[in-house]
Amino acid sequence: MARNKRAIPEINAGSMADIAFLLLIFFLVTTTMDVDKGITRKLPPIEDTTNPPPINERNIFTIVINASNQILVEDEYMEIDGLRKAALEFLDNNGDKSCSYCEGAQDPKSSENPKKAVISLQNDRGTSYQAFLAVQNELTAAYNELRNRLSKRQFGRSFDNLNEEETKVVMEAYPMIISEAEPLKLGS
Amino acid sequence: MAQMKKKKKEVGAISTASLPDIVFMLLFFFMVTTVMREVELKVTIKTPNATELQKLERKDLVTYIYVGKPNTTYAPLVGTEPRIQLNDSFARIEDIQPFAIQEREKINEKERNALTVSIKADRDVKMGLMGDIKQELRRAQSYKISYSAIPGEVFIP
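Note that the coordinates shown come from a computational prediction; the quantities given were computed from them, not determined experimentally.

Colleague: How should the layout of surface pockets be read in this particular structure?
Modeller: Over the atoms rolls a probe the size of a water molecule, and in doing so it shows where empty space is left. Its volume calculated, the largest pocket comes out at about 2,200 Å³. T40, R41, K42, M176 and I177 of chain A are, among the 48 residues lining the largest pocket, the residues nearest its centre. Of all elements in the fold, only strand 1 (37-42), strand 2 (60-65), strand 5 (118-123), helix 3 (129-155), helix 4 (164-173) and strand 6 (178-180) of chain A together with strand 3 (54-55) of chain B reach the threshold of two or more residues within the lining of the largest pocket. Each residue belonging to the lining of the largest pocket can be placed in one class, and the counts come to 19 nonpolar, 13 polar and 16 charged.

Colleague: Explain the interface of chain B and chain A to me, please; I cannot follow it from the model alone.
Modeller: Buried accessible area, meaning the area lost when the parts come together, often serves as the stated size of an interface. Contact residues are listed per partner, giving 58 residues for chain B and 56 residues for chain A. Interface area, chain B with chain A, both sides summed: about 5,200 Å², of which 62% is carbon and sulfur. Here chain B and chain A share 3 salt bridges between them. Across the salt bridge formed by D36 of chain A and K120 of chain B, the nearest N and O atoms sit 3.2 Å from each other. Our count for the chain B to chain A interface comes out at 24 residue pairs in polar contact (both at pLDDT 80 or more). Among the elements of the structure, helix 1 (2-8), helix 2 (19-33), strand 2 (49-50), strand 3, strand 7 (116-121), helix 5 (127-139) and strand 8 (144-148) of chain B are those that each provide at least two residues to the side of chain B that touches chain A. Among the elements that line the side of chain B that touches chain A, the one with the most residues is helix 5 of chain B, at 11 residues. A breakdown of the residues in the side of chain B that touches chain A according to their chemical character gives 31 nonpolar, 12 polar and 15 charged. The pairing of strand 1 of chain A with strand 8 of chain B spans 5 bridges and is classified as antiparallel. Each residue of the ladder has a partner; that of R41 of chain A, found in strand 8 of chain B, is I145 of chain B.

Colleague: What's the story with the confidence of the model for chain A in this structure? I'm lost.
Modeller: Keep in mind that low pLDDT regions are not for reading the predicted coordinates in detail. Of all residues in chain A, 90% have pLDDT values of 70 or greater, and the mean over the chain is 82. Model confidence for chain A, summarised as mean pLDDT per element, is weakest for helix 1 (residues 14-30) of chain A at 80 and strongest for helix 3 of chain A at 90.

Colleague: I tried to follow the state of the cysteines on my own but got confused; where do I start?
Modeller: Covalent bonding between the sulfur atoms of two cysteines defines a disulfide. All names here are of chain A. Evaluated as defined, the whole model comprises 1 disulfide over all chains. What pairs with C99 in a disulfide is C102, and their sulfur atoms sit 1.9 Å apart. Measuring the twist about the S-S bond at about 80°, one finds the C99-C102 disulfide to be right-handed. Its relative accessible area of 12% is what places C102 among the buried residues.

Colleague: Looking at this structure, how should I read the pairing of strand 5 (residues 83-86) of chain B?
Modeller: On a regular strand, each side chain points to the face opposite its neighbour's, so the side chains alternate between the two faces of the sheet. All names here are of chain B. Bridge analysis of strand 4 (residues 62-70) against strand 5 gives 3 bridges, and the strand direction is antiparallel. Paired with V67 across the two strands is I84, which belongs to strand 5. Hairpin connection of strand 5 to strand 6 (residues 89-91): 2 residues between the antiparallel strands, including N87 at a positive phi of 50°.

Colleague: Looking at this model, I keep getting lost on the packing of aromatic side chains. Mind explaining?
Modeller: The way to describe two aromatic rings as a pair is by their centre distance and the angle between their planes. Counting across every chain of the model gives 7 aromatic pairs over all chains. Measuring from centroid to centroid gives 5.4 Å for F132 of chain A and Y147 of chain B, while their planes differ by 80°, and the two rings are edge-to-face. Placement of F132 of chain A in helix 3 and of Y147 of chain B in strand 8 is noted, with the two residues assigned to different chains. A residue is classified by how much of its surface remains accessible, and F132 of chain A, at 0% relative accessible area, is buried. By the ring-pair criterion, three or more aromatic residues cluster together here, those being Y129 and F132 of chain A together with Y147 of chain B.

Colleague: Would you take a moment to explain the sheet that holds strand 3 (residues 71-73) of chain A for this structure?
Modeller: Sheet strands pair via backbone hydrogen bonds, and the direction of the pair is either parallel or antiparallel. Residues and elements named next belong to chain A. In space, the 5 strands of this open sheet follow the order 4-3-2-5-6, with mixed pairing throughout. The sheet is open, and its two borders are formed by strand 4 (76-78) and strand 6, each paired with just one other strand. Averaged over neighbouring strand pairs, the angle between their axes works out to 25° when direction is ignored. Looking at chain direction, strand 3 and strand 4 are connected through 3 bridges and run antiparallel. Note that in strand 4 the partner of I71 across the bridge is M78. Against the sheet, helix 2 (residues 80-91) touches strand 2, strand 3, strand 4 and strand 5, its axis set at about 165° to strand 2.

What counts as what
Residues numbered from 1 in each chain as written. Chains lettered and ligands numbered in written order. Predicted model: local features only at pLDDT ≥ 70, side-chain atom pairs only at ≥ 80, totals over all residues. Heavy atoms only, no water. 1 Å grid on protein atoms, 1.4 Å probe; cavity = no way out; pocket = protein on both sides within 12 Å on 5 of 7 lines; lining within 4 Å. Points joined across faces, edges and corners; volume = space filled by probe spheres on them. Helix = DSSP H or I, 4+ residues; strand = E, 2+ residues; numbered from the N terminus. Nonpolar A, V, L, I, M, F, W, Y, C, P; charged D, E, K, R; others polar. Contact = heavy atoms within 4.5 Å. Buried area = accessible area lost by both parts, 1.4 Å probe. Salt bridge = Lys/Arg side-chain N within 4 Å of Asp/Glu carboxyl O. Polar contact = N/O pair within 3.5 Å; in protein donor to acceptor, adjacent residues only side chain to side chain. Pairing = 2+ DSSP bridges. pLDDT = per-residue confidence, 0-100. Disulfide = S-S within 2.5 Å. Buried < 20%, exposed > 50% of the residue type's maximum accessible area, 1.4 Å probe, protein only. Phe/Tyr/Trp six-rings, centres within 6.5 Å; stacked < 30°, edge-to-face > 60°. Axes fitted to C-alpha atoms, helices over the stretch in contact; angles between N-to-C directions.

Structure below.
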């Protein structure tokens, strides 16, 4: 009624909402909000395995997961809850006293320094992926904790907030050396 | 002027003129945040829990391998054992190496080594299959991998 008074009729914008709704629903349906997150690892090149360099036994932290998802750490049975601490103690041990930023117990049986420390992860063909990733997660957590500690002390910020150069420094101080051996076929 | 017109009405109808604006706002939000589903998943995947997750930057430098039990639609055709899916089809373990090489070729030479293979595998998959996949990726010289996971407390099944 009010419209009739105008000289130029307005374009009816009532259907605009419908069009927009249509588009909106299309995007709602096709959208996937999840960002892909994961635990990143670097696989070793194949030729490396033929001639492995000699590593002192004390510098290897052996983890074996069997087909029933039980974890054996350095020949002793361990629950997943204890793994992070055990890995942390091993990495931070500083047996040869060359690591100025370590706080480890300097156990003569454990690793010499974080740069030499290797974690060897062996699993069975029957191990479940969840168990494997749980172990990987705990190991990553141990590394992250150490790296965070160092970056807070040296740069006053957490590891995630460091710039590229600083990140490199911290990563070299605590290099992540995890060897994922090919799966065994021990039992079902 | 507009005010004068309004005064003539007994009860003003609620204006819906701003409705399109609101809807457009929502629309733009979804348009910006949207990631088109690239493949149709033929396997059911519930990725394992983990806490120390790293976000994968640069979507164009990521390629995916899906591992899980076939959907109910495909189960009669291929069985219920966990299978590998590459792009839109089921694949055998031998197909991974050519696939990974092909994906590498797609990326310009400078960034080829930054290619990450994200393995989206179901939490119940056995490590035997995963080990085979890793071995194939090593053969294809795709060394950077990511074990896709969702945030949550870890547990041992």
